[in-house]
Amino acid sequence: MKQPPSGTPAPVEEIHWPSLIAAIASITAVGIAIGLGLPLLSIIMEKRGISSTLIGLNSAMAGLASMAAAAVTAKTAHNYGVANTMLLAILLAAISALGFYYIENFWLWFPLRVVFHGAITVLFVLSEFWINATAPPSRRGLVLGIYGTILSLGFAAGPLLFSILGSEGILPFAFGAGVILLSAIPIFLARNESPVLDEKPELHFMRYVFLVPTATAAVFIFGAVESGGLSLFPIYGTRTGFTEAQAALLLTVMGVGNVIFQIPLGMLSDHMKDRRNLLAMMTVVGLAGALCLPLLQGNWWLMAVVLLFWGGSVSGLYTVGLSHLGSRLHGADLAAANAAFIFCYAIGTVAGPQAIGAAMDIAGNDGFAWSIAAFFGLYVILSVARIVFNPKRT
């Protein structure tokens, strides 16, 4: 595993706020753009009479674009610079966001999706690399906890803004494009402080998926459980006897857990010699919570308590997994591994809803809990195997 070259200055133990603000501005724009854009585009397609199958197919382009963009981001940043690549991605994302309003031909929305979500993925990868590369090693978990909290708030703000702005006219598109463009200001101001990729990654992109499997598997589980859980929990909740409002409120409780546990878990990871132990503990909590769901049907308050901690454990997989990645790799290898991290997240967001939905069709409503438990169970097996048989902390 690549180590910093000899002669590299010792890492600074203070948080570098200009870099943190620049990267967080980028990821806030990502969260708001996705949170606002996904429901906005789906509602507009529905109003235009597009079939559910085609709406789903168009939405699936987001995951495919993310996988493709993640694979080339590190190389592009090496060629053109981290800040320059992020500024270009911001411009492309803003232009394509407005393009959805001006271009009414449904079939042209497919390449627009590719450009928009590809650019958003570039911002995702490079903002995380920037934070990971400049975070003080002893406070990396705290910094990434702050990052994860703001990202979660950005995702939550998107649907709220959609409820305020609606789907009529240019306003929601212009607002989304404007938020994205505003994120360019702190990035431009801090452009000279962005990490430099003097070398190309040493390995082929796919090798990085397996180089730190504890981290990449964690984010795959996070993507699968988060996307599948959020999309199918309202169905699960109403089938168990809760009203739509009660089911929606349980999702809100889960989101609150997602937000409030990011920083504490990040700080806890800073005090652990091996972050894999914390990842394993969080998946055990996730597994136990999923197995409890069938036993809590009809008891809203107990389910809310379980989902609060469950939501925190699920979100912690992302934050602590990213922190573990940053502690193991450096430079171009870290940039490429960050891209592989997002690549695995994208795969999870595609696989999760499919697997959980199929489980509910096969096993009935309890299939929701069993399938999520299966995802966590697979990770528990992997993490225990890595801790026992691989003492190198990968």
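From a predicted model like this one, the values you see are computed outputs, not experimental measurements.

1. Digging into the overall build of the chain
Next, step 1: A tally of regular secondary structure across the chain gives 15 helices and zero strands.
Next, step 2: Within the chain, the proportion of its 394 residues that are buried is 55%.
Next, step 3: Contacts in the chain between residues far apart in sequence, at least 24 positions, make up 84% of those at least 6 positions apart.
Next, step 4: Accessible surface computed for the chain: about 16,800 Å², of which carbon and sulfur atoms make up 70%.
Next, step 5: The averaged location of the 17 negative side-chain charges in the chain is 8 Å from the averaged location of its 18 positive side-chain charges.

2. Brief notes about the nonpolar core
Next, step 1: In this structure, Y147, W310, Y318 and F368 are the most contacted members of the largest nonpolar core, which totals 126 residues.
Next, step 2: Every residue in contact with Y318, bar those within four places of it in the chain, is listed here: F124, E128, Y147, V219, F222, F341, I342 and Y345.

3. Some thoughts on a nonpolar patch on the surface
Next, step 1: On the surface, a nonpolar cluster with roughly 520 Å² of combined accessible area is contributed by L88, L91, L92, I95, V115 and L181.
Next, step 2: Residue contributions to the nonpolar patch peak at four residues, all from helix α3 (residues 82-102).
Next, step 3: Mapping L92 onto the fold places it in helix α3.

4. Things to note about helix α9 (residues 213-239)
Next, step 1: When the terminal C-alpha atoms of α9 are compared, their 36 Å separation across 27 residues agrees well with the 39 Å that a helix rising 1.5 Å per residue should span.
Next, step 2: Along α9, the sharpest kink reaches roughly 45°, centred on L232 and followed within four residues by the proline P234.
Next, step 3: In terms of burial, α9 is a largely internal element, 20 of the 27 residues being buried.
Next, step 4: Downstream of α9 by a residue or two, G241 has a phi angle that is positive, lying close to 115°.

5. Quick notes on the packing of α3 against helix α4 (residues 109-134)
Next, step 1: Close contact between α3 and α4 brings their axes to 8 Å; oriented N to C, the two are set at 150°. Relative to α4, α3 is oriented roughly antiparallel. In the packing of α3 onto α4, the handedness of the crossing is left-handed.
Next, step 2: Grouping the constituent residues of the contact of α3 with α4 by class yields 19 nonpolar, four polar and one charged.

6. Notes on the pattern of salt bridges
Next, step 1: A complete count under the given rule lists two salt bridges for this structure.
Next, step 2: Put simply, E168 and K47 hold a salt bridge, and the shortest N to O gap is 2.8 Å. Here the residue E168 occupies a position in the loop between α5 (140-165) and α6 (171-182), and K47 occupies one in helix α1 (residues 17-47), the gap between them amounting to 121 residues.
Next, step 3: We classify E168 as exposed; its relative accessible area is 59%.
Next, step 4: D270 is paired through a salt bridge with R275; the nearest N and O atoms lie 3.4 Å apart.

7. Considering the environment of G229
Next, step 1: Note on placement: G229 falls in helix α9.
Next, step 2: Taking relative accessible area as the criterion, G229 reaches 2% and is therefore assigned buried.
Next, step 3: As for G229 and K75, which are separated by 154 residues in sequence, their C-alpha atoms are 34 Å apart.
Next, step 4: For G229, the contacting residues outside a window of four places in its chain are A224, P234, I356 and F368.

8. Brief notes about the packing of helix α12 (residues 275-292) against helix α13 (residues 300-328)
Next, step 1: Direction vectors running N to C along α12 and α13 enclose 155°, while the axes themselves pass 9 Å from each other. Comparing the axis directions of α12 and α13 gives the class roughly antiparallel. When you trace α12 past α13, the crossing you get is left-handed. Facing R275, R276, L278, L279, M282, T283, V285, G286, G289 and A290 of α12, the residues of α13 in contact are V306, W310, S313, G316, L317, V320, G321, S323, H324 and S327.

9. Digging into empty space enclosed by the protein
Next, step 1: The full count for this structure, using the stated rule, is three cavities of 30 Å³ or more.
Next, step 2: Each pocket or cavity is described by its volume, and for the largest cavity that value is around 130 Å³.
Next, step 3: A33, G37, L40, A97 and F116 are, among the 15 residues lining the largest cavity, the residues nearest its centre.
Next, step 4: The set of elements that each furnish at least two residues to the lining of the largest cavity consists of α1, α3, α4 and α6.

10. Observations regarding the packing of aromatic side chains
Next, step 1: This structure, assessed with the given rule, holds 17 aromatic pairs.
Next, step 2: Pairing W107 with F110 gives two aromatic rings, centres 5.6 Å apart and planes at 15°, and the pair type is stacked.
Next, step 3: When its relative accessible area of 53% is taken as the criterion, W107 is described as exposed.
Next, step 4: Given a relative accessible area of 11%, F110 falls into the buried group.
Next, step 5: Judged by centre distance (6.5 Å) and plane angle (50°), the ring pair of F124 and Y345 falls under tilted. Residue F124 is located in helix α4, and its partner Y345 is located in helix α14 (residues 331-363); the two are separated by 221 residues in the primary sequence.

What counts, and at which threshold
- Residue numbers run consecutively from 1 along every chain, following the written order of its sequence.
- Where local features are concerned, this predicted model is filtered to residues with pLDDT of at least 70; where side-chain atom pairs are given and counted, the filter is 80 or more; whole-chain, interface and lining totals use all residues.
- Hydrogens and waters are ignored; side-chain quantities use all the structure's heavy atoms.
- A run of H or I in DSSP becomes a helix once it reaches four residues, and a run of E becomes a strand once it reaches two; helices and strands are each numbered from the N terminus.
- Note on exposure labels: buried denotes an accessible area under 20% of the residue type's maximum, exposed denotes more than 50%, and partly exposed covers the range between, all computed with a 1.4 Å probe on protein chains only.
- It only takes one pair of heavy atoms within 4.5 Å for two residues to be counted as in contact.
- Computed with the Shrake-Rupley method and a 1.4 Å probe, the accessible areas treat only the protein chains shown as cover for residues.
- For the charge count, each Lys or Arg is scored as positive and each Asp or Glu as negative, with His and the chain ends excluded.
- A charge is said to be at NZ when it belongs to Lys, at CZ for Arg, at CG for Asp and at CD for Glu.
- Each nonpolar core is a collection of buried residues, namely Ala, Val, Leu, Ile, Met, Phe, Trp, Tyr and Cys, held together in the definition by side-chain atoms within 4.5 Å.
- For patches, a residue must show more than 30% relative accessible area and have no salt bridge; joins then use 9 Å for like charges and 5 Å for nonpolar side chains, namely Val, Leu, Ile, Met, Phe, Trp and Tyr.
- Within this document, salt bridges are pairs made up of a side-chain nitrogen of Lys or Arg and a carboxyl oxygen of Asp or Glu, the two lying within 4 Å of each other.
- Under the convention used throughout, the expected extent of a helix is 1.5 Å for every residue step, that is, one less than its residue count.
- To get the bend at any residue, fit one axis to the seven residues that end at it and another to the seven that begin at it, then take the angle between the two axes.
- Lines fitted to C-alpha atoms define the axes, with helix axes restricted to the stretch in contact, and inter-axis angles between N-to-C directions lie between 0 and 180 degrees.
- Each angle gets one of four labels, with under 35 degrees taken as roughly parallel, over 145 as roughly antiparallel, 65 to 115 as roughly perpendicular, and the rest as oblique.
- By definition, any crossing whose near helix is turned counterclockwise from its far helix by less than a right angle is left-handed, and any crossing with a clockwise turn is right-handed.
- Gly is put with the polar residues, along with every residue not named as nonpolar or charged; the nonpolar set is Ala, Val, Leu, Ile, Met, Phe, Trp, Tyr, Cys and Pro, and the charged set is Asp, Glu, Lys and Arg.
- Only protein atoms enter the 1 Å grid used here, on which a cavity is any set of points holding a 1.4 Å probe that cannot leave and a pocket is any open set flanked by protein within 12 Å on both sides along at least five of seven lines; residues with an atom within 4 Å of a point are listed as lining.
- Grid points are joined across faces, edges and corners, and a volume is the space filled by probe spheres set on the points.
- Aromatic rings from Phe, Tyr and Trp, taking only the six-membered ring of Trp, are treated as a pair when their centres fall within 6.5 Å; an angle between ring planes under 30 degrees marks them as stacked, one over 60 as edge-to-face, and anything in between as tilted.

Read these as geometric descriptors, not functional statements.
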